[in-house]
Structure formats: C-alpha cells, structure tokens
Amino acid sequence: MKTIVLPCLFACLCVHALAQKKPLDHTVYDGWQNIGERLISNNGRYVAYTINPQEGDGGLVIQSAAGSYKKEIPRGYNAIITEDNLYLVCRIKSPYKDMRDAKIKKKKAGDMPKDSLAIVLLGTDSIVKRGGIKSYKVPGNAAGWLAYLYAKGFGGDKAVKQAPDSLSRLDAIVKMADSLTYIADSLRNKVSEAKTNGLAVLQPQKNAVKKNTAEDAEEGTILVLRNLQTGAEIKYPFTSDYIFSKNGAKLALHTTKKNGDTLQKARVLVITLPGLTADTVMQGLNDAKNLVFDESGSRLAFIAERDSSTKALQKFYKLWYYKTGMDSAVLRAGINLPGIAAGFTVSPHYAPRFSKKGSRLLFGVEEVLPPKDTLVPDFEKAGLDVWNYKDEELQPEQLRRLERGIWRSYLTVIDEDKTEPVQLGSHIFETVLPTYEGDGDIFYATTDTGRRVAAQWQGYTFSDVYAVNPVTGEKHLVIKNFKGTVDPSYTGKYLLFYDDRGRCYRVYNSITGRYYKIGTDITTALYDEENDVPDDARPYGIIRWMQDDKYLLLYDRYDVWKVDPENKEKSELLTTGRKDRTQYRYATLDEDEKFIKPGQRLVFKTYNEVNKYTGLYAREGTKDLVLILNRPAYLSNFVKAKNSGNLLFSKETFSAPPDIFLYREDEDAEVDTDGREVLTPLSHINPQQSEYLWGTAELFKWKAYTGKLTEGILYKPENFDPAKKYPMIVYFYERNNNTLYNYQAPAPTPSRLNVSFFVSRGYVVFIPDIWYTNGHPGKSACDYVISGTRALIKLGFIDSTKIGLQGQSWGGYQTAYIITQTNLYAAAWAGAPVVNMFSAYGGIRWESGLNRQFQYEKTQSRIGADIWQRPDLYTENSPLFYLPKVTTPVVIMANDADGAVPWYQGIEFFTAMRRLNKPVWMLTYNGEAHNLVERRNRKDIQIREQQFFDWLLKGGKPPVWITDGVPAALKGIDYGLGVK
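Once a new chain begins, its residue numbering starts again from 1 and follows that chain's sequence as written. In view of the model being predicted, local features appear only for residues whose pLDDT reaches at least 70, and side-chain atom pairs are presented and counted only at 80 or more, with totals across whole chains, interfaces and linings using the full set of residues. Note that water and hydrogens are dropped before the side-chain values are worked out from all heavy atoms of the structure.

A.B. asks: Sorry, what's going on with the sheet that holds strand β39 (residues 601-608) here?
C.D. replies: Within a sheet, neighbouring strands are paired by backbone hydrogen bonds and run either parallel or antiparallel to one another. Between any two strands, pairing holds if DSSP finds at least two bridges. In DSSP terms, a helix is any run of H or I states spanning at least four residues, a strand is any run of E spanning at least two, and both are numbered starting from the N terminus. Read across the open sheet, the four strands follow the order β38-β39-β40-β41; overall the sheet is antiparallel. For this open sheet the edge positions go to β38 (582-586) and β41 (626-631), each flanked by a neighbour on one side alone. Averaged over all pairs of adjacent strands, the angle between their axes in this sheet comes to 25 degrees, without regard to strand direction. With five bridges connecting them, β38 and β39 associate as antiparallel partners. Across the sheet, Y586 pairs through a bridge with F604, a residue of β39. Lines fitted to the C-alpha atoms define the axes, with helices restricted to the stretch that makes contact. Angles between their N-to-C directions range from 0 to 180 degrees.

If you want it as structure tokens, here you go:
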C-alpha cells in the first residue's frame, strides 16, 4: 500500500503546488530585479554588487568570498574597493519616493534630493556616512585617501548634520601607527598654512570647522580630503573640480572665489600627500577644466580661461602646465600663440593627457567660430539650413553633431623640451592614432576628405593612411584609397590593416617602409564566413599585439592564431574550436592591459554553436588549453581580482536569473575531491519567480523552403501538454539561436516581445533564424518564418488558426511583408516598420542625421543596388504594393520622434490599409524614439499588446481602443484600455 499511496500523495502535492502558481501580470514588473554593478577586491577576498528592481529602491551587497561576512547598503551604488582591500566607498541614492515626490512638485535640479556617501571598513559593521554629496574620487592605483565634493548648500554646520565617524579597526590603526603620528604632527604644523589657503581642518568625530563654513556651503561647493586610515578630514571651500594623481601622491583642485569678495581669487591648487602641503599653481582665472596628472604625479596640465572681461561673448581657453618644483603653472598653448594655426584655439572639449612617460602632452585644438550677433534680436533673424551638394556631410548630420556638443577637436602634441606645440590633426586629418601610449616615434592618421559624400550610399569611405612624426608633424603616405580597418602596434613600429576588398591582412613596417601580407599559411577564412549583406565581409578581428610587437593574435570564426607581423615564422594555432564548432574569444580581465606579454595566461570565453553552451578556458605559454568551466548556460560580465585568480561572473538560463557566481582559481578542477563545485553562488535575485508560471526554452530545427537546415528557439509554457492546442506568437529579427540560455525577465520592453510574460500566460513563442539572399530580403523572411511556423504546426500542439507575428524595426518590416504573402497569421504587430523602400531610401536617420541610402545598397536591407539600377527589387520588397492581399489585422507602432525609421513610413502603412478598409491600428508615442524610452510608455504598450493578442488568439474581449478608438479630445483622459 505504501508504494501506491505515497507516490499518489506526492503527485497530488505537486499538482496542488502547480495550481498555486500564478501567470505573470503587469503588476510584477517594478519589483523584478537585476544585477547592476559588480566588483571584486584586488586580493579576491571581497565582492560587491548592486541589486536593482526595475522601479524603486535597490541596494548594494558586500560580502566576503569565504561567505563569513555580508553587509547591505540600502540604495548604495557607484562603489569602489580601495587598492589596499580595506575599504569600500559608495554613493547612496535618495529614496525613490523622495525623488518621485520632488518630480511631482517640479523642483529644480538644484533642489532635488541629494546623494549621500558611505565609507565601509570591510569585514566590520563600521560605516561612515556623509549627506549632500555631489561626487567622490580615490587615487587610481593607491590607497589611503578619499576626496568627496558636497553639493551646493551642503557641508557646513548649518547645512547638514553629519553622522559621527565609526572607530577604525584596531589592527589597521596599529599597522598605520607611524603614519598616524606623522599625520597628526603634520596637521598641527599646517594649521596656520591651512588658514592662509582658505582650508578648514576637521578632526575625526568632532566635525570642527571654520565658523563661516555653513555660509560658504550656501555659495559654493566644499571638497573634503579624508585620510581613510585616521579619519582625519580637511575641507577646501569653493571647489569646482578636483583630481588625484594615479599614484595618490598629489591632489589637484580648482577653487572659485566667494561672491562679492574682491580680494579672494579663483585658483588651482596642488596638495602633496601625505604632507598636505598646498601649492598655488595658478590664480586669478575665471574657469579651469580637465585637470590631469601624469603617471608619476609630478606634472599637471589643465585648460584655463582668464579673460579680463567675464562677460566676453567668446572665451578662449589656454593650456597650462605645472611640474613639481616650479613656482607656478606656465602657459604652453593658446590662441594667437606659436604652434597654433591661425583661426584655432585650445579646445575645452578635448581632455588633455600626458604620455606614459609624462614628457609629452597631448591636447586638442578647435576652429574659432564667429561670435553670435547680439545686436539683431533672434525674432528678426532668418531661420534656415542651407544644403549644398558639395557638403561633405548633410546638414542634418552637421546639426546633430552641434546639438550633441560633439566638437571637432584636432590632436596637437607638445614635448616637454619643446617651446611650440605641433598640430597633427586638421580638417583633412580628423583621425590621428597615437602609439606607445603617446610616447611613440610614429603616430598614424587617416583621411577621407573629398570622398565622404559617397558614404551616403556606400555606408563607408575610402581613406588614405599616413605615418606621422609627432615631433615635426611630417606625414608619409602608407596606403591610398583603402577600405578596411587599421590597428597600430603598441610601439607604433607596425601598422596592421585589413583590406576589405582583398580579404587579407597586411602589415606596414614604419622603420623599413616594407609591407608584408601576413597569415598566408592560415587556410581558414579570417573574415566573416556567413556574410549575407551586399558588402565586403568584415574580419573577425585582432585580439591585441604582443609585447615588443613581436607577434599579434588574430581570430578566425572559431579560433585564435599567433601570427608573425613579417610573415617569417609559421602561424601558431592557440585554440582548437573548429573541430567541434566552438568559438574562442579572448576575455579581457585587466582593463588597463595594452599588450599581451610572452607566456601570459590567456583566458578565453567560449560559445559552442551546436549545443549553445558557454564556458571559460585558459592557456599558459605553450601549455595545452585547460577547462575552467563549461555550462548549459550563458556566462557574462567577467571581473577578475587584480592580485588573485578569483573571478566574478554572471550565469543565467531562460529559467534562472543572471545571478553572481565566484570562481575560485585555487581549485584544480571544476569539482574537487569532495564533490563540491568550485562555483560559489553569491546572489539569489527574484525569489518571487517561484510563485509564477514560467516556461522552458529549447532548440527547434527544421528544413526551410530554401532547403537549409535551420534553427530557432521554442519557448513552451511551464505546464506544457503536447496533447493540447496552444496559441503561438512568432517573434524574429535576424538570427537569435545564440540566445537560447538568455534569461528573459518580465519587463515592459521598449519594443521586443515580452517572451516570459506571454509564455507564462499560456502562449508558445517561437523565434526562428532567418538567412538572407541579397536582393530578396522579404522573400527570405517568408522562406524561414513561414516554413518554421508550418513545421511546428505539424507537431500537433499549435492551433493553426491562432498564430500571431511580432517584430520591431527590421522585424517590423518583415512582419509587414509576410502578411502580404500569406493568410497563415491571425494577428500581427509591427513596430517601426518600413513599407515603402522607395520613399525610405531617400529618408534621413534623424538620430544621426545620416541618409538611409547606404542601408539599402550595402547593409541590412540587402537590396544591393540603387533605385535606378533595380527598381524592380525595391518594388518586390516593399509591402506597400501588396497590401490589397492582406487579411491579417495589424497594429503599427510608429513614433513621431523615431530617429531610425521615418515616422511617415508608419503613416504610409496606416493610411494605405485604411484606404483599403483593412483592420489596422497605429500607436504613436509622442516624443518617443525608435524604441520606447519612457517607462510609462513601455508599460502602456505591454498592456495593449496583450489585449490585442488575447483578443485574436485567445478569444478575449477587445478593449475600447480597438473597437472604438480614442478621440483626440480624450487624449490623456481616457486611454481606451477598458472593455465595454
């Protein structure tokens, strides 16, 4: 009896548990979580990450890799762990409710709730908080110091109440005893100097400040420099900008003057650490920007403007330079000074930087534009754009560049031992590529001047490539009329270029002037084997040059090759992916890496094209590849500890959210002798998912009408029953089979189908791959989408009368085309579709200002010819001409601020269907882009999409917006979402 009753009881419990699960609805979105930031300490012992809901208050989680310590900072974000692994610093957002209430009250930006700062002593509950923070910074490669800037009105005794500092950890205090004594003595000795320089000394826990600090806080911002070990703080009033040197030896800041104070002057200060000596390197300026130190911290550069007339219509910035030991900063470049061409000035939009060695300074110059005429009022000025066929760029593209503040700045170089700068860039040479981190003997420049107009229909230009002497500015032609990509070696000795037309890599030796065709012994293609657009195939690319430019690493479709830049040595295959169709791609785990060292451990992320697994492999020197991990999952966002092999990453599947895992490299295999996995799960987001019906994802293969064996992803409801008939929605773009293991969070999406939502509510969702034939994109879509749909119908669990289509942008176009060729689909949803390739061909992509011709002739639309050469293909692929055949009800989304597909394409579609008396609706979200940005609009369209498909595919009642529409008089009052 027991063997019968217990299984029955267990089955009943399972059925009951399943029955308790709910389908997803539109109320779940806001609380659904994702992982945002993620970081790991240099020693690999601490990790931190943010967990954020889609809407509301998130938080920062800090925990030890060993699992013995965990701390949460509500609303924490923008975190760093200090170089010595002792502290975590982060910002804390104001509560979501406070921000929302402030927006409702339409408060100005300066009156909005401000962030706070948190300083956590890792491994303890010790935390220091400061309110009203604007920003904070720490040295890039050093520990012990923190600077934070208060927002205007904060930082004074009356302006904000600061939480008292917690006691530092005892062992840290003992360890820093000598430093503590030094700092204490230094603080006492510097009091008079601090007063002289306008500083306020703040002792730990006492918050002792100058009497006028609250008043200062009302007028400007206060910078606080904190010694993290001692807790000692020093305040610098009226600070507008600041920066640490990378090594933590210096702090530079720009201070402004107090309103109404005629004696006080704005200045640039350099603070030497840890002695806290403050040197004024410049004063009497109006504004300073882009403070930058060299690697050693001994050199400082910045852009400053000190025009005597603060109301001048034009302000000309100049480049200033300071080196330790100098009395003050010296002027190195500016308008009307030697080395700067007539009509040019130092650009405040180009951040100067020092070369690696520090002896060379790179900055930008820009053209001086005529000042705005203020004598004639704007309402009397003509408003127009002048289009000229000789313009290298169309007017919309030029205007968009100005609207975005994208200024054309041209690279200029000045060597420390030279008196005049050398301008390397110009209107002709807009792109200049420095080498050797700015110290190279040879730079490279490209120019396509006089050939840019053709980009309108080509989508590319032919360029000339030059070698440039950064000391003299002399240029030497390397290659003419080149189409492809260029990549200088680290030192600049070599220039790698991939020739699109010749489908090969070549290398130029700048010392000998010789050229080499490289990788000639590699028999596999180094360019896209699956290229299906009417343009030259692109290369798989380069990983990086190796140290001393001795070798470089190149990709083919699957593998990595080590190649000699002069083609003297045999190319070496470093991976073995082609035999089992596994792609190996280099995982950059050091963001500062500039080249690959001999014998360096190389870590590769892998993707298997057959089973869609992702994994990690490593190779050291000449050793064989070593498996780190390989999973039926999607792995991403790898973060490695700087001084440890510990690795942080995300792992997800369709049914498991992308949680954070830790890989401990001290283990020798995936599973140790006790059978424990070396992957340590750290986060567990979205536990509420267990309360809802979900689904499964699987590969589906079928033979398309072209005869090609094709793949797609099939999503089935959690309680799938093959004996039932299900409604199905087919969603597509181009090829998506590599997303098999991607998590699909229920979210109000900007455009794509909300897969998990519909699957949870009993729909089957199918995403087929589409392969294209040039000149026939519409037919290609039909060949794969319709064949895949019919192959699924044959399996017996799809209701052939209840199938819908959904696509956005290129998918929207294909949706519009498919319903002109078949009556198989009962409902269609087309977002931002093109229906008339003739009118779309000449349109503008308003987000960039580019003309759309290149898209049809060379890229995604895949026609391969212009409208005069092949008008038949433009007619064949335009749904507009076949709309009389349509029987499928369709909803169009066409937004009036769409920057990719012209809004009028949706209008053409809608008005044509209306003229033909076809069932059609159009949703236009005002001021919205190609893909919806505003969350309120995303939520709205999700509701309407469900209502539409439920009506036609599940027999639901149609809402008022479908049956009666929404009159303009009711706009914003009644959205028509109700049912009569």
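Here the narrative resumes.
A.B. asks: Explanation requested: the pairing of strand β31 (residues 494-499) in the structure shown.
C.D. replies: Each regular strand carries side chains that alternate between the two faces of the sheet. Three exposure classes are used, based on accessible area relative to the maximum for each residue type with a 1.4 Å probe and protein chains only: buried under 20%, partly exposed in between, and exposed over 50%. Burial analysis of β31 places six of its six residues in the buried class, the great majority of the element. Bridge analysis of strand β30 (residues 484-488) against β31 gives five bridges, and the strand direction is antiparallel. Across the sheet, the residue bridging to P488 is L495, located in β31. Turn length for the β30-β31 hairpin, with the two strands adjacent in sequence and antiparallel, is five residues, and the turn residue G492 shows positive phi of about 95 degrees. Bridge count between β31 and strand β32 (residues 504-509): six bridges; the pairing is antiparallel. If you follow Y498 over to β32, its bridge partner there is Y505. Adjacent in sequence and paired antiparallel, β31 and β32 are bridged by four residues, among which R503 carries a positive phi angle near 50 degrees.

A.B. asks: In this structure, what is going on with the packing of helix α10 (residues 777-793) against helix α11 (residues 810-818)? I would like to understand it.
C.D. replies: Angle between the axes and distance between the axes are the two parameters that describe a pair of packed helices. Two numbers describe how α10 lies on α11: the axes approach to 9 Å, and their chain directions differ by 80 degrees. The angle between α10 and α11 falls in the class roughly perpendicular. For the pair α10 and α11, the contacting residues are P777, G778, K779, A781, C782, V785 and I786 in the first and W810, Y813, Q814, Y817 and I818 in the second. Each residue gets one label: Ala, Val, Leu, Ile, Met, Phe, Trp, Tyr, Cys and Pro are nonpolar, Asp, Glu, Lys and Arg are charged, and the others, such as Gly, are polar. Grouping the amino acids of the contact of α10 with α11 by side-chain chemistry returns nine nonpolar, two polar and one charged. Convention used here: angles under 35 degrees read as roughly parallel, angles over 145 as roughly antiparallel, angles from 65 to 115 as roughly perpendicular, and any remaining angle as oblique. Between two residues, a contact is recorded if the distance between any of their heavy atoms is within 4.5 Å.

A.B. asks: Explanation requested: the nonpolar core in the structure shown.
C.D. replies: Among buried residues, those of type Ala, Val, Leu, Ile, Met, Phe, Trp, Tyr and Cys that are joined through side-chain atoms within 4.5 Å constitute a nonpolar core. In terms of nonpolar packing, the biggest core is built from 55 residues, with V730, L805, I818, Y825 and F909 touching the most fellow members. If we skip the residues at most four places from it in the chain, Y825 touches V730, V785, I786, T789, I803, G804, L805, I818 and T888. One finds L753, A826, M893 and L932 within the second-largest nonpolar core, a separate group that totals 38 residues.

Keep in mind these values describe shape, not function.
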